[in-house]
Amino acid sequence: MSTPTSTYRLQLRPGFGFAEAEALVPYLRDLGVGAVYVSPVLDATPGSTHGYDVTDPTRARPELGGPDGWDSLTDAVRDAGMGLVVDVVPNHMSVEVPRANPWWWSMLAEGERSPWAGHFDVDWSRGRVLVPVLGDDAEVAELAVDGDELTYYDHRFPIDAATLADPGFASLTPQQVHDRQHYELVGWRRGASELNYRRFFDITTLAAVRVEDPTVFDDAHREVLRWVSEGRVTGLRIDHPDGLSDPGGYLQRLHEAAPGAWLVVEKILHPGEDLPASWPADGTTGYDAMREVEGVLLDGGVDGRGGEAPWQALSERLGAPSDYAAVEEDARRMVTQKVLVAEVRRIAGLLRDVPEDAARTAVAETMVAFGVYRSYLPEGEDDWTRAIDTARSRRPDVDEALTALDAQVREDPQGELATRIQQTSGMVVAKGTEDTTFYRFTRFAALNEVGGSPDVWGVDVEGFHALAAAREADHPSAMTALTTHDTKRSEDTRARMLVLAELGDDATSAIAAWSARCGLDEPALDLLAWQTLLGAWPISDERLTDYLLKAARESKIRTTWTETDEAFEDSIRAWPARVRAEVGDEVQALVDRIEGPGRTVSLSQKLLQLAGPGVPDVYQGTEGWDHSLVDPDNRRPVDHEAFRAVLRRLDDGWLPEVDASGAAKTSLVRRVLTLRRDRPELFRGYGAVAARGPAADHALAFGRSDDLVAVVTRLPVGLEARGGWAETTLPLAEGTWTDVLTGAVLEGGDVRLADLLRTYPVALLTRRA
């Protein structure tokens, strides 16, 4: 197996391609990284800044450096003794620029006769492929003919061979040419409700690919699998497996084709949910670990102080939604009624002997009711049963339709109806929960994270240890993460926000007062804005405005991506400057209170991740302080030269303080990653280590082997308020121990935490052989 000791995620884009990544290889090696982990590298939509819009899976992307650049990068990584993990997108391809996608272009030109027609999930029974690019259907009048192509402004489409061969072709109007094609250009609104090809979520420019077909699988993976067979790629990260018709079957085929590759999947697990046992995957991409690490560092509240209660009260006081279950249900239902209308219609059409309206309602309500992203029948029968039962309790008026749906799905759990409703339920959950509810239910936004449950306030210490031990036992090679390209905010932004829970009424009273003076005129966004401002301060007006506009549109309360409220959005654009002018000094004062404790939380969560079970991923730039927000903010360029300078100083023996430079975090990351790489045997097993004494609740410690112990600080505000560690101790086995982070040497026994954590709020101890 090619399991890495750690990974470092690089976001490739035009301007930062294979050559630039290759130039970082010595730095990443010096940082202690086990494997370079790159965003999608296959050819993509021209100008794409992320690569998830693949257009041609047969070649490395020219805009990143092409095959030669890719070979040079992979050679450099291999020569440096590191692995290389590639992000693979099997669910969909981009059709935004038809000419850029040879498979799609051929299908548009030849229809069902195209050799690539079966590669896309098209419902040919409904006639021509709908291509929703027009502003509205009336704009068909704007079509023009240019040689052998039909054009609409800067969009270009093929003209089929029969039309081109018509002796009267030159006299045909663009409308007449259009009417003869295998596709129909329509308005985007019509496309949203009548689309006849499966897509990625509600993005019509990302057409789903049928990788369940062995031929399609081979065509889509041939190049990537060649890289694996040549030893250039050692690991695969699989994007959005829940969109596939048969995720388990896909992973089995991939595992058989690349038996030595490390294989992790972007499967979002809800609390208490496990990966299907039949999946031949090493684990998830780490959102479950992120939730657990964040949860154990969140203040649960004591005697009504801190914790959840003040934030619930603030949410109610400001008029923001405070019933999570109701918000989530409404948001998911909205998705089925307004966003994924075409998908619901197509699935309902498969239900036998049920009136159309009742079938649509039954299908929609079942997907709304899922407690997880999707079931995997027959393996996930319990999840399916719970969804049906919940739908019945909510909509007894369609009980007969639900009964028919349940019976038909159970009758053929691999049939088209069962397949489509399961792969679409994940879309409803993602769009309804992550992309909508998380921007409507903003009570305590640090919990509104991919894989998170904002209604579950944290994880207790005992629960954290149990979950970590389970990961070590069941999926020791799973990826763990604190920041990804998809997280709603970076780990350090989140860490500072966690401190707000410790301040309780002090924080919520300040926010309430500021809101009364210069709040935004939408309660959910207003509450989110203040928390974001405190977590990311100092932040430019431009960055904050861009974030808040995205949040407002995602919430779909006052404005949306397609139906904007310009007056409301203008108020958002004016808000950052208004805040600085009216309450800027007060905001700064509160930031000053939480900044230091926030750094403690940042270092604590980083050590929990890096030293804990699993394969830790470091997202680019998070080896130092990073207060980014959701994409595209988290894809800003990283100053790796500054990090190189820090490593050079560390080589000279520098022990940095915990200050604004972030060098202390860089030092921690380097030392732990290097230890994992050089002594992997230390990072096996898992057991809780309990501190003793008056401040024991503020320490969280665990051992990996007999010779390694990690300890971190919890709830730093409360620790300071009670006067520090006092006589709190940590029991260590007999022997001589060294703190990897500081070089301090100590003997086993009951070690005073006041001494052990004098330099840093965390320690990683190894025992001499």
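Report follows, based on the coordinates. As a convention, each chain's residues are numbered from 1 in the sequence order in which they are written. Only residues with pLDDT of at least 70 are given local features in this predicted model, and only at 80 or more are side-chain atom pairs given and counted; all residues enter the totals for whole chains, interfaces and linings. Side-chain figures throughout are based on the complete set of non-hydrogen atoms in the structure, without hydrogens or water.

Looking at the sheet that holds strand 19 (residues 687-689)
Right, on to step 1. Spatial strand order, 19-20-21-24-22-23: six strands in an open sheet with antiparallel pairing. Whereas interior strands pair on both sides, the edge strands pair on one side only; in this sheet they are strand 19 and strand 23 (745-752). Across the sheet, the mean angle separating the axes of adjacent strands is 30° when strand polarity is ignored.
Right, on to step 2. Any two strands between which DSSP finds at least two bridges are classified as paired. Each helix is a run of H or I in the DSSP string that is no shorter than four residues. Each strand is a run of E no shorter than two, and both are numbered from the N terminus. As paired elements, strand 21 (residues 708-713) and strand 24 (residues 763-767) share four bridges and run antiparallel to each other. Residue V709 lies in a different strand from strand 24, and its bridge partner there is L765.
Right, on to step 3. For this analysis, residues touch if any pair of their heavy atoms sits within 4.5 Å. Axes here refer to lines fitted to C-alpha atoms; in helices the fit is confined to the stretch in contact. Angles between the N-to-C directions go from 0 to 180 degrees. Across the sheet, helix 22 (residues 566-611) lies against strand 20 (699-703), strand 21 and strand 24, angled at about 155° from strand 21, the strand it touches most.

With respect to the environment of T424
Right, on to step 1. Mapped onto the elements, T424 comes out in helix 16 (residues 416-434).
Right, on to step 2. Any residue under 20% of the maximum accessible area for its type is buried, any over 50% is exposed, and the rest in between are partly exposed; the area is computed with a 1.4 Å probe on protein chains only. Look at T424 and you get buried, because its relative accessible area is 4%.

Digging into the sheet that holds strand 9 (residues 149-152)
Right, on to step 1. Strand order in the open sheet formed by three strands is 8-9-10, and the pairing between neighbours is antiparallel. The open sheet has two edge strands with one neighbour each: strand 8 (144-146) and strand 10 (155-158). Along the sheet, successive strands turn relative to each other by an average axial angle of 35°, direction set aside.
Right, on to step 2. Across four bridges, the pairing between strand 9 and strand 10 is antiparallel. Counted as the bridge partner of L150 is F157 from strand 10.
Right, on to step 3. Running at roughly 60° to strand 10, helix 3 (residues 102-110) makes contact with strand 9 and strand 10 of the sheet.

Some points on helix 3
Right, on to step 1. Most of helix 3 is tucked away: seven of the nine residues are buried.
Right, on to step 2. Those residues of helix 3 not exposed but buried are W103, W104, W105, S106, M107, L108 and A109.
Right, on to step 3. In this structure N101 caps helix 3, since a side-chain oxygen of it lies 3.1 Å from the backbone nitrogen of W103. What qualifies as a polar contact is a pair of N or O atoms within 3.5 Å, subject to a donor-acceptor requirement within protein and to the restriction that residues adjacent in sequence count only when both atoms come from side chains.

None of the figures reported here should be taken as evidence of function without further support.
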